[in-house]
There are 2 protein chains.
Amino acid sequence: MSKPGVVLLSGGLDSSTVVALAQRDGYDLHALSFSYGQRHTVELEAAKRVAAAAGIADHRIIEIDLGAFGGSALTDASIDVPKHASADDVEEGIPATYVPARNTVFLSFALAFAEVLGSSDIFIGVNAVDYSGYPDCRPEFVAAFQDLARIATKTGVEGSTEVTIHAPLMEMTKAQIAAAGTELGVDYSITTSCYDADSEGRACGRCDSCHLRHQGFVGAGLVDPTRYQPDAAPS
Amino acid sequence: MSKPGVVLLSGGLDSSTVVALAQRDGYDLHALSFSYGQRHTVELEAAKRVAAAAGIADHRIIEIDLGAFGGSALTDASIDVPKHASADDVEEGIPATYVPARNTVFLSFALAFAEVLGSSDIFIGVNAVDYSGYPDCRPEFVAAFQDLARIATKTGVEGSTEVTIHAPLMEMTKAQIAAAGTELGVDYSITTSCYDADSEGRACGRCDSCHLRHQGFVGAGLVDPTRYQPDAAPS
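Residues numbered from 1 in each chain as written. Chains lettered and ligands numbered in written order. Predicted model: local features only at pLDDT ≥ 70, side-chain atom pairs only at ≥ 80, totals over all residues.

### Points about the sheet that holds strand E2 (residues 27-35) of chain B
Residues and elements named next belong to chain B.
Here's step 1: With parallel pairing, five strands are arranged side by side in an open sheet as E3-E2-E1-E4-E5. Only two strands of the sheet have a single neighbouring strand rather than two, namely strand E3 (59-63) and strand E5 (164-166). Direction aside, neighbouring strands of the sheet carry axes that sit 25° apart on average.
Here's step 2: Pairing between E2 and E3: five bridges, direction parallel. Within E3, the position partnered with serine 35 by the bridge is glutamate 63. (Pairing = 2+ DSSP bridges. Helix = DSSP H or I, 4+ residues; strand = E, 2+ residues; numbered from the N terminus. Axes fitted to C-alpha atoms, helices over the stretch in contact; angles between N-to-C directions.)

What follows is the structure, given as structure tokens:
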């Protein structure tokens, strides 16, 4: 019998691969996506396509007001999404696209969902190798959230089960991620990773996320199946 | 100069007292309340009254969909709020009014808000003495969240400041809380703690929260200023 699991699904390359890895390992997935005032609501359309393609029947989209606090290029229209000529050009430090405490908020909702489902397995596609500068994508963050989750819930009090936060991509390069997903049959053409996609979901080819993703396919010796805006495909 | 702080404000006895304690200690408070599908939306009206009375100019109300998962008498209309003849009658274990991962979700939003404000101080009115059976009201929960917060954010990466989760009521009895707030001038008549208040915000007098609150005033030798529904005042 398959085990219930909760997966955070953005509809990008990483979370789509996590879905495939968790299903390979026998989990019956329930997916959670967020509408959080981000510019890239086309992400949600991608998340729906990915959930449908993976046969996930229970996909919940939670509306949250993370944009109410401001402070990020992804939720605040007055801050520009940085564009770069190449991946080598990406700045050091924490980027403007960082959304304060985003993964903490997302995992908190996943924990609530898991508790109601009676699941003790939560999957998130964070990655520390192609390090994006986000504090909440580091292994120590995931470990700290797991520590918290184990005492924050009913099962923590009753000692019945211990929540595990699975971050299977943590130590993988983008090339390894693209290769693993391709082998498991993930159709990356339906996914969207771009921070600045157009209304048709086509990628800009110049943001940090586009650069990292494209280099992943190149590094894995795969054709990049991403749909780009006209003349925007990275060379 | 006063330090910025974020307070989780439900509009009940506990959080109203936390506001007074934090202001006494020199914090310039920004308040955060949630509309989360709870039955007691009258709570939000109480939170607004408390914020106004305390002179908090920045009070944000975040809409979240915690009820989408179900599983609690406070967010699911199909589950009854337990009523008891007296406080001695309150059941053991985790009550039906527990909302899965609620304080984890609330603190995550507070962390996002604090990060945007440049504040490293978050206040929450959880309490372990009059233990309500909620796993996320325990001292170890607060400590684990603080550990998480210190590595989940920009400041955690930069090592510039360390987030502190203040839970000043943790070791206080309800009587001590009522006495402390009264001494600091808190007007408890404008607060609402009841899980099942009517549309005018009047308390039912019979839920766990009403019992604990009433006993707090009695224990402190204070007149209970709560507005009850007709014939509902605890004896």
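Structure shown, so let's carry the discussion forward.
### Quick look at the environment of alanine 54 of chain A
Residue and element names in this part refer to chain A.
Here's step 1: Looking at where alanine 54 falls in the secondary structure, it is placed in the loop between helix H2 (42-53) and strand E3 (59-63).
Here's step 2: By C-beta crowding, alanine 54 is classed as buried, having 20 other C-beta atoms within 10 Å.
Here's step 3: As a C-alpha pair, alanine 54 and aspartate 187 span 133 residues in sequence and 9.8 Å in three-dimensional space.
Here's step 4: Non-local contacts of alanine 54, meaning those with residues more than four positions away in its chain, are made with Val19 and Gln23. (Buried ≥ 20, exposed ≤ 12 C-beta atoms within 10 Å, placed from the backbone. Contact = placed C-beta atoms within 7 Å.)

### Details of the interface of chain A and chain B
Here's step 1: Between chain A and chain B, the residue contacts involve 36 residues of the former and 36 residues of the latter.
Here's step 2: At the level of elements, E3, helix H3 (102-117), helix H4 (139-152) and helix H5 (154-158) of chain A are the ones that each hand at least two residues to the side of chain A that touches chain B.
Here's step 3: In terms of residue count, H3 of chain A provides more of the side of chain A that touches chain B than any other element does, nine residues in total.
Here's step 4: Residue composition of the side of chain A that touches chain B, by class: 22 nonpolar, six polar and eight charged. (Nonpolar A, V, L, I, M, F, W, Y, C, P; charged D, E, K, R; others polar.)

### Regarding helix H6 (residues 174-183) of chain B
All names here are of chain B.
Here's step 1: Regarding H6, the residues found buried are Lys174, Ile177, Ala178 and Gly181. One side of H6 holds all its buried residues, which, seen down the axis, span an arc of 95°.
Here's step 2: After H6 finishes, the residue glycine 185 shows a positive phi value of roughly 90°. (Arc of directions from axis to C-beta.)

### Side note on helix H7 (residues 208-219) of chain B
Residues and elements named next belong to chain B.
Here's step 1: For H7, spanning 12 residues, the distance from its first C-alpha to its last is 16 Å, which sits close to the expected 16 Å at 1.5 Å a residue.
Here's step 2: Of all 12 residues in H7, nine are buried, a share of seventy percent or more.
Here's step 3: Of the positions making up H7, those classed as buried are Asp208, Ser209, Cys210, His211, Leu212, Arg213, His214, Gly216 and Phe217.
Here's step 4: Elements in contact with the buried residues of H7: helix H1 (13-24) and H6. (Expected span 1.5 Å × (residues − 1).)

### Description of unusual backbone geometry
All names here are of chain A.
Here's step 1: Residue aspartate 231 is not a glycine yet carries a positive backbone phi of 60°.
Here's step 2: Checked against the element boundaries, aspartate 231 lands in the segment after helix H7 (208-219).
Here's step 3: The exposure class of aspartate 231 is exposed, given the 6 C-beta atoms found within 10 Å.

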